[in-house]
Amino acid sequence: AEEHTFKLFRPRDELCAFCHTLDLEDTEYLHKPMIKGDCLSCHNPHGGQEEALLKGDSYADMCKNCHEEQWDAMDSVHGPVAAGACGACHEAHGSRFPELLQKQGRDLCLQCHISTAASIDAAHYVHGPSEVPCQICHDPHASTHSMLLKEDPIELCESCHEDIRVKVESSVTKHAAVTTERACLNCHTAHDSDFPRMLRDNPKTLCFECHDKKIKAADGSVLPNMKALIDSGKSLHGPTAQDSCVLCHEIHGGGHDRLLIKEYPSNLYYPFSDEVY
């Protein structure tokens, strides 16, 4: 090729446009090679392995020439990224939306995540971030956290719910469900729910997921199997009968024994004795 002496029929930036007229009238954002008229930075003029004569063995190979990103070290990689299908989300030449995206906000994500879209539409309660771009919580390419989250659930939730963060950190009595395993997602759903406060189920059912066995508390005391205790009862306390543990107990942490909302003695006021009765 270096010995070729053939002259081009037209200036290089006009050669492609002579045949390939792109309709970019409504596009607000253009890909930099388009602005420069540098079609050959992405396309091979003679032939290639990929559709549209793209350079490289895949769409991603061509994009990586300019967009250097390291996905190999990430624990969670978005499907289109793993497949090298950058064109599933981005326009190649120009777009009406930033980042050359095909659609704006959550509309882009929900065109693939159909079950999530249906769940949100049918739910009684929708989490605020679910109504705005998904990138508030998720990284669209890859992440070191599960579900492409930008942070671990507890850090991510507390970045908005500052009052809960303060409550958890300042609590004398800690609730393990808030800080262990899936943290906030032990009890709450991320996108939508049929229960208030984005709970996964009614409070009593959620509590019994852990309190269906004896639990050794941090102070060494043993909490009884509350599910067995309540299921065996012939007369239930009103809040218990209403599946509402939260009327008496703090959920995220508190300053009283057993996460009670107010102080209550751990022993009877007057232990039985002949002198008293």
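Look a little higher up for the structure.
These numbers come from a predicted model, not from an experiment. (Residues numbered from 1 in each chain as written. Predicted model: local features only at pLDDT ≥ 70, side-chain atom pairs only at ≥ 80, totals over all residues. Heavy atoms only, no water.)

(A) Region of interest: the overall build of the protein. Scanning the protein from terminus to terminus reveals 12 helices and 10 strands. Its C-alpha atoms give the protein a radius of gyration of 29 Å, more than 25% over the compact-globule value 19 Å for 277 residues. By its C-alpha atoms, the protein is 115 × 35 × 30 Å across when sized along the principal axes. The buried share of the protein, taken over its 277 residues, is 22%. Relative to all contacts within the protein whose residues are 6 or more apart in sequence, the contacts with residues 24 or more apart total 46%. Working note: accessible area of the protein is about 19900 Å², and carbon and sulfur atoms make up 56% of it. Within the protein, the 44 negative side-chain charges are centred at a point lying 4 Å from the centre of the 25 positive side-chain charges. (Helix = DSSP H or I, 4+ residues; strand = E, 2+ residues; numbered from the N terminus. Rg over C-alpha atoms; globule rule 2.2 N^0.38 Å. Buried < 20%, exposed > 50% of the residue type's maximum accessible area, 1.4 Å probe, protein only. Contact = heavy atoms within 4.5 Å. Areas by Shrake-Rupley, 256 points an atom, 1.4 Å probe, with all protein chains shown as cover. Lys, Arg positive; Asp, Glu negative; His and termini not counted. Charge placed at Lys NZ, Arg CZ, Asp CG, Glu CD.)

(B) Examining the environment of A177 more closely. Structurally, A177 can be placed in helix α9 (residues 176–179). Along the chain, A177 and E162 lie 15 residues apart, while their C-alpha atoms are 18 Å from each other. Excluding residues within four positions of it along the chain, A177 makes contact with A183 and N186.

(C) Highlighting the packing of aromatic side chains. One pass over the full model with this rule turns up zero aromatic pairs. For the cation-ring pair, R10 lies above F18, with the distance from its terminal atom to the ring centre recorded as 3.6 Å. (Phe/Tyr/Trp six-rings, centres within 6.5 Å; stacked < 30°, edge-to-face > 60°. Lys NZ or Arg CZ within 6 Å of the ring centre and 35° of its normal.)

(D) Representation of the pattern of salt bridges in the model. Tallied over the full model, the rule gives eight salt bridges. A salt bridge links R258 to D257; the nearest nitrogen and oxygen atoms lie 3.2 Å apart. Owing to a relative accessible area of 33%, D257 belongs among the partly exposed residues under this scheme. Residues joined in a network through salt bridges with shared partners are E162, R165 and E169. (Salt bridge = Lys/Arg side-chain N within 4 Å of Asp/Glu carboxyl O.)

(E) Geometry of a nonpolar patch on the surface. On the surface, Y270, F272, V276 and Y277 cluster together to form a nonpolar patch covering roughly 540 Å² of accessible area. Looking at where F272 falls in the secondary structure, it is placed in the segment after β10 (253–254). (Patch = residues over 30% accessible without salt bridge, like charges linked within 9 Å, V, L, I, M, F, W, Y side chains within 5 Å.)

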